[in-house]
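# Structural features, examined
Next come the chains, spelled out residue by residue.
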Amino acid sequence: MAVQGALREWVRSHTLGVAVAITAIGYALVLNAFEGIVPLFPSIGESTVRLLSSVIVVINAATLTALLSGVYYIRQRRIDRHRVAMVTAVALELGFLVLYLWKVGGGGELYIQASGLFRLAYLLVLAIHLVCSALSVPLVIYAVLLGLTRSPAELERTAHARVGRIAVAVWSVSLALGIVTSAMLRIAGSELETVGVIVLV
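Residues numbered from 1 in each chain as written. Predicted model: local features only at pLDDT ≥ 70, side-chain atom pairs only at ≥ 80, totals over all residues. Heavy atoms only, no water.

Our next topic: the overall build of the protein. A count of helical and extended segments in the protein gives 7 helices and 2 strands. The C-alpha atoms of the protein give 18 Å as radius of gyration, which agrees with the globular expectation for 201 residues (17 Å, within 12%). Structurally, the protein occupies a C-alpha span of about 55 × 35 × 20 Å along its principal axes. Going through the 201 residues of the protein one by one, you find that 36% of them count as buried. Sequence separation of 24 or more characterises 83% of the internal contacts of the protein that already satisfy a separation of 6 or more. Split by element, the accessible area of the protein, about 11300 Å² in all, is 70% carbon and sulfur. Taken as two groups, the 15 positive and 10 negative side-chain charges of the protein have centres that lie 12 Å from each other. (Helix = DSSP H or I, 4+ residues; strand = E, 2+ residues; numbered from the N terminus. Rg over C-alpha atoms; globule rule 2.2 N^0.38 Å. Buried < 20%, exposed > 50% of the residue type's maximum accessible area, 1.4 Å probe, protein only. Contact = heavy atoms within 4.5 Å. Areas by Shrake-Rupley, 256 points an atom, 1.4 Å probe, with all protein chains shown as cover. Lys, Arg positive; Asp, Glu negative; His and termini not counted. Charge placed at Lys NZ, Arg CZ, Asp CG, Glu CD.)

Helix length check: helix α5 (residues 116-149) (34 residues) gives 50 Å between terminal C-alpha atoms against 50 Å at 1.5 Å per residue, within 8%. At Ser-136, α5 shows its maximal kink, close to 30 degrees; a proline, Pro-138, follows between one and four residues later. (Expected span 1.5 Å × (residues − 1). Bend = angle between axes of the 7 residues up to and from the residue.)

What follows concerns the packing of helix α3 (residues 46-75) against helix α4 (residues 79-106). How two helices pack is summed up by the angle between their axes together with the distance between the axes. Between α3 and α4, the shortest axis-to-axis distance is 8 Å and the interhelical angle comes to 165 degrees. The angle between α3 and α4 places the two elements in the roughly antiparallel class. The crossing of α3 and α4 is left-handed. Across the contact of α3 with α4, the residue classes break down as 20 nonpolar, 8 polar and 3 charged. (Axes fitted to C-alpha atoms, helices over the stretch in contact; angles between N-to-C directions. Parallel < 35°, antiparallel > 145°, perpendicular 65-115°, else oblique. Left-handed = near helix turned anticlockwise from the far one by under 90°. Nonpolar A, V, L, I, M, F, W, Y, C, P; charged D, E, K, R; others polar.)

Within the chain, Arg-77 stands out as a residue other than glycine whose phi angle is a positive 60 degrees. Looking at Arg-77, the relative accessible area reads 55%, which means it is exposed.

Turning our eyes to something else, we now look at the side chain of His-129. Summarising the element assignment, His-129 is placed in helix α5. His-129 sits in the buried class, given a relative accessible area of 16%. His-129 has contacts with Ser-174, Leu-177 and Gly-178, leaving out every residue within four places of it along the chain.

Quick look at the packing of aromatic side chains now. Considering all chains together, one arrives at 3 aromatic pairs under this definition. Pairing Phe-96 with Tyr-100 gives two aromatic rings, centres 5.5 Å apart and planes at 25 degrees, and the pair type is stacked. Here Phe-96 and its partner Tyr-100 are both found in helix α4, 4 residues apart, which amounts to about one turn of the helix. Grouping residues by exposure puts Phe-96 and Tyr-100 together as buried. Put simply, the rings of Phe-34, Phe-96 and Tyr-100 touch in pairs and so form one group of aromatic residues. (Phe/Tyr/Trp six-rings, centres within 6.5 Å; stacked < 30°, edge-to-face > 60°.)

The following block contains the structure:
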């Protein structure tokens, strides 16, 4: 307990720095999965890649549900339930991250097999999804660290509410569009390829 308390106090005193460090690690893990610099996951076949893709969609839907539940609870001033909902959303997202890194690093990525307006629409939705995903990471981490290391009264004197509102908006868009892109892949068909730098080709 003493170690846990000391760690909590250290994170409390260095919240922004810890958020930046965790964000950098997350970005590095994703980049490594795409570039294959350090092989971290065992190789998997196309059937497993497609299975993981389906599981990821379910996780994203559950995460979005938990996230919006957290918004509802905080508007009702039900702080304990808000915290549970947000921690649940983050835990689900960690599960997503593990499966996503395994899918990409161990198998590859699914590329849409479509042309014309449908392909353009897919690429536009995908681009917005990727940008929102990248932007949401530091915002979510910072808001969560603030929430876990401070009491409700203390949080009122921090940027938690302001950053949290932005984080929820950006993260929600990212999750929703992730589900949309998956649906578009199923409609148009997809082909498994070894990943390159990014999934816009």
